[in-house]
Structures are given as structure tokens and as C-alpha cells.
Amino acid sequence: MFNPHSRPNLEPATSGFISLDHIPSILNIDAQSQRLTYSSVSGRGILAGFMRKEDLMLPYKLLLAVLSINILLTCLAPTESEAGGAIPVNLFNIGNSIGEGEAADGIIGVRQHDVVWSTGYNLNDIVVSLNERFEAADPAGYYENNAARDADFNQAVSGSEMDDFVDQANEVIAAANQTPAGRAGMLAILLGNNDVCASSLDAMTPAEEFESQYRAGLDVLARSTSTKNAHIHVSGIPAIYWLWEAKRNNDWCRLGAWPFVPCQNLLDDPINDCGSNNSHLDPDTIHADDGPECIRRKQFHAKIRDIYNPILRDVLKEYKDNGRLPNAYYVDVFDIQFGEVHVNDGDCFHPSTAGHALLADEQWCRSPWGRYDPLCGRIKPTPWLPLLLLDN
């Protein structure tokens, strides 16, 4: 076991940057992906994550400071129950085309399960999925997803709406029973995008139906001994509005792709007729001089914010509080703003590989495990430690 109180003897490389040969033994370097995996474990918790090769181009002393803070925070980490509990034994995915990684590389209709933010397994891409993080943290105890196991672990189906939740939940239960653990350790669920994307605002799945279908899926999970005690990670619907903003100046997206995307209540007439003072960058407020298309898009945004996501959040809390799904939690991602790079250049609608990387980072950092990952920036800095390490 690496002694967190010892100070590694790192000699500077001639370039002034840290050499991979001098990194302490608690770190692992994947030769293919050039990603450095850190996994530090103490009696009071687990921290795990990744640093990519570009992060290694930090001055060697600064990198040492960052890593040493990680080790220190592990020793000071809360108990397992406070920090999210033990790493789950496995991870299943329930979802729609996002869960299938559709068009992540820009090729319309092609599904790329290996890059998906939750169960992705491609070590050579820029996505650090939840699956990869759990594998890094507990390679012996976590039964990871890979190409051979993906048909079992990723149950997402392109085009799925909330009324498909029951079927996917049953598929997860059947697959979980065949795993070495005989149960699901965690489920990542992202559904609802296809319920809110419709031909018009009035054609969105009625809120009452959406809630009833959601409860039906949760009931399936709560009734099964294979899933009722699993960590149920329910993601809110992202702010889809921002993909319009990200691609609205792209001629191919406006004229070639969006007319065929089934989200007309957002993408029809994609001109920017929002008012002055950059109103298009403020989807939460309808300005007096906003045009009709702008108002429609902002109303679309508001319905997700005020109707659909609260259903996902509040119903799940009910199941957690009454003990039917005691380890369920909701992840609010509505504040994430997708930029041009996060939306693929093929259908101009689904997340690109960079978009899945963003989702993976944000979903992880908002999960119980990511709460104490220093790379998530949610832990108060310890200002004196870097100074001590740099002062030699």
C-alpha cells in the first residue's frame, strides 16, 4: 500500500515536465490510450479517476501537488456510505439513442455503444465513462462492460420513450440474473428526450402519461430482488435547447439534417428571431421583442424544466423515501450547455464523442462517487499543500 504520508522522490525530466517513469505505483498508465489512471484507497473511502495525456504536460511539481492532494483527500474522505458506498458490482444502461451513442462520430444512424457516457468501454477515445471509472477504482470487484458483454449491459434502444421503460427494466433484470453477482449493482437511466421532442408543443407526451409510464418502470425495478437495492442513477433530461444554439449557423444542419429530425417543436424554422441583448442566450426568459419561433423554443425549454424533469426528480424521491428503491438518486444536468463541438456534424442532434465525454464527466461528478473526486472541483482546496510541495 502506498504510504500517503511519504513524499515520492520525483526527479524533474530534462524538459521540465514530469516523466511517466517517475509516477508513483498507485497510478497506472494505459499504453494505448495514454491515459493515466489514479486509484487511491484508504480505510475511509475510494477516489478514482483519469488524467489524459494532455494533463501530463503540467510542470512536474504542479502535477505532484495535484496527485498528493488526491492522496490526502482520500485519507480524509468520509465513510463509504457518505461518499456513495462501495463501487457497484456492475452497471447497466437504460435509455434511447443517446444511450446507444447514435451518430457520435457524425455518421447518421450508426450506433456506437463503446463511447456511451455510462457503459462505454473504448479506452482509446476521449470519453471517460462511468463504466471505465468504476473499473479503474475496483478492477477486482467490478464486472466491467466490454464489447463481449455489451449486449447484456447496454439495454438502450434508439427511439425509446418513457413507455419503453418497463421493457428495458425487464431486460436488465433478465441480464442481471446471468451475471456472476446474480444482480444489478447500478442502473444508469436517461429517458424522456423522445417524449419532449415532438411535432409540436401540444404533441409532447402528456405529463400524466409520462409520470404513469415512469412509475411503471420504477415498479418493475422495485419488485425484483435483482434490482431493488441497486444504485438507480436517473438523469434528468438535458437542456436540448442548446443544440439548436450550437448548430443554428450551420447550413447543413439547418437545411439538410434538421428537417428529418423528429423534434420540430425545437428545430422547425431554425432562424434566430430572438430579441435584442442576446436573448437567444437566455432561454429561461421570454423577452418582449422575441419572435414567434424564439418563443416556441423557449416554451419547449420551459416545459422540460418545469414539468418533465420535476416528475423525474420528485417521483424518484418518493420511491427512495418509502424504501422501495433505497439507493435511487436523481442527477440534474439541465444547466449543462452543449457547444458546437458537443453535437455531431451528421444529424446535428445527438451528442458527439465530445458530447458523451461532457456527459460522462458531469454525470460522474454529480453522482455519489464523484462528489469526493478532486478533479470534479467540488472539494475545498487546501491552499497550503501545493505551496509546501512546490517549495524545495
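Above this text is the structure in question.
Here is what the cut-offs are and how they apply
Residues numbered from 1 in each chain as written. Predicted model: local features only at pLDDT ≥ 70, side-chain atom pairs only at ≥ 80, totals over all residues. Heavy atoms only, no water. Helix = DSSP H or I, 4+ residues; strand = E, 2+ residues; numbered from the N terminus. Buried < 20%, exposed > 50% of the residue type's maximum accessible area, 1.4 Å probe, protein only. Contact = heavy atoms within 4.5 Å. Areas by Shrake-Rupley, 256 points an atom, 1.4 Å probe, with all protein chains shown as cover. Axes fitted to C-alpha atoms, helices over the stretch in contact; angles between N-to-C directions. Parallel < 35°, antiparallel > 145°, perpendicular 65-115°, else oblique. Nonpolar A, V, L, I, M, F, W, Y, C, P; charged D, E, K, R; others polar. Pairing = 2+ DSSP bridges.

A.B. asks: Could you give an account of the overall build of the protein, with specific residues and numbers?
C.D. replies: Within the protein one finds 12 helices and seven strands. With 392 residues in all, the protein has 55% of them scored as buried. Nonlocal contacts in the protein, meaning residues at least 24 apart in sequence, comprise 70% of its contacts between residues at least 6 apart. About 17000 Å² of surface is accessible on the protein, with carbon and sulfur atoms providing 52% of the total.

A.B. asks: How would you sum up the environment of Lys 320? Please name residues and give values.
C.D. replies: Along the polypeptide, Lys 320 turns up in helix H10 (residues 292-321). For Lys 320, a relative accessible area of 38% corresponds to the partly exposed category. Distance from Lys 320 to Ile 232, taken between C-alpha atoms, is 9.6 Å for residues 88 residues apart in sequence. What Lys 320 contacts, discounting residues up to four positions off in sequence, is Leu 325, Pro 326, Asn 327 and Ala 328.

A.B. asks: Any chance you could break down helix H2 (residues 130-137) for me, citing the residues and the numbers?
C.D. replies: Here H2 lies mainly inside the structure; seven of its eight residues are buried. Burial in H2 covers these residues: Leu 130, Asn 131, Glu 132, Arg 133, Phe 134, Ala 136 and Ala 137.

A.B. asks: Report on unusual backbone geometry, specifying residues and quantitative values.
C.D. replies: Backbone geometry places Ala 103, a non-glycine residue, at a positive phi of 60°. The topology assignment puts Ala 103 in the loop between strand E4 (92-95) and H2. A positive phi angle is found at Asn 277, which is not glycine, with a value near 60°. Looking at where Asn 277 falls in the secondary structure, it is placed in the loop between helix H9 (264-267) and H10. Residue classification places Asn 277 among the exposed positions, given a relative accessible area of 71%.

A.B. asks: Now, about the side chain of Asn 90: what can you tell me, with residues and values included?
C.D. replies: Its place among the elements puts Asn 90 in the loop between helix H1 (60-75) and E4. Asn 90 gets classed as buried once you look at its relative accessible area, which sits at 1%. Dropping the residues within four chain positions of it, Asn 90 is found in contact with Tyr 142, Tyr 143, Phe 153, Thr 179, Arg 183, Ala 184, Gly 185 and Met 186.

A.B. asks: Quick rundown of the packing of H2 against helix H11 (residues 353-365)? Include the residues and the values.
C.D. replies: At their nearest, the axes of H2 and H11 sit 9 Å apart, and the two run at 55° to each other. Here H11 runs oblique to H2, going by the angle between their axes. Of the residues in H11, those in contact with Leu 130, Arg 133 and Phe 134 of H2 are Ala 360, Asp 361, Gln 363 and Trp 364. When its residues are assigned to classes, the contact of H2 with H11 shows four nonpolar, one polar and two charged.

A.B. asks: Can you break down the pairing of strand E6 (residues 231-235) residue by residue, with the values?
C.D. replies: Most of E6 is tucked away, with five of its five residues classed as buried. Alternating residues of E6 divide into His 231, His 233 and Ser 235 and Ile 232 and Val 234, and every residue in both groups is buried. As paired strands, E6 and strand E7 (residues 328-331) are joined by four bridges and run parallel to one another. Bridge pairing in E7 places Ile 232 opposite Ala 328.

A.B. asks: I'd like a rundown of the sheet that holds E6, residues and numbers included.
C.D. replies: Spatially, E4-E5-E6-E7 is the arrangement adopted by the four strands of the open sheet, whose pairing is parallel. The open sheet terminates on both sides in strands that have one partner only, identified here as E4 and E7. When the angles between neighbouring strand axes are averaged without regard to direction, this sheet yields 20°. Where strand E5 (residues 186-190) and E6 come together, four bridges link them in parallel fashion. Following the sheet pairing, Met 186 is matched in E6 by His 231.

From the geometry alone we can't say anything about function, so treat these as descriptive.
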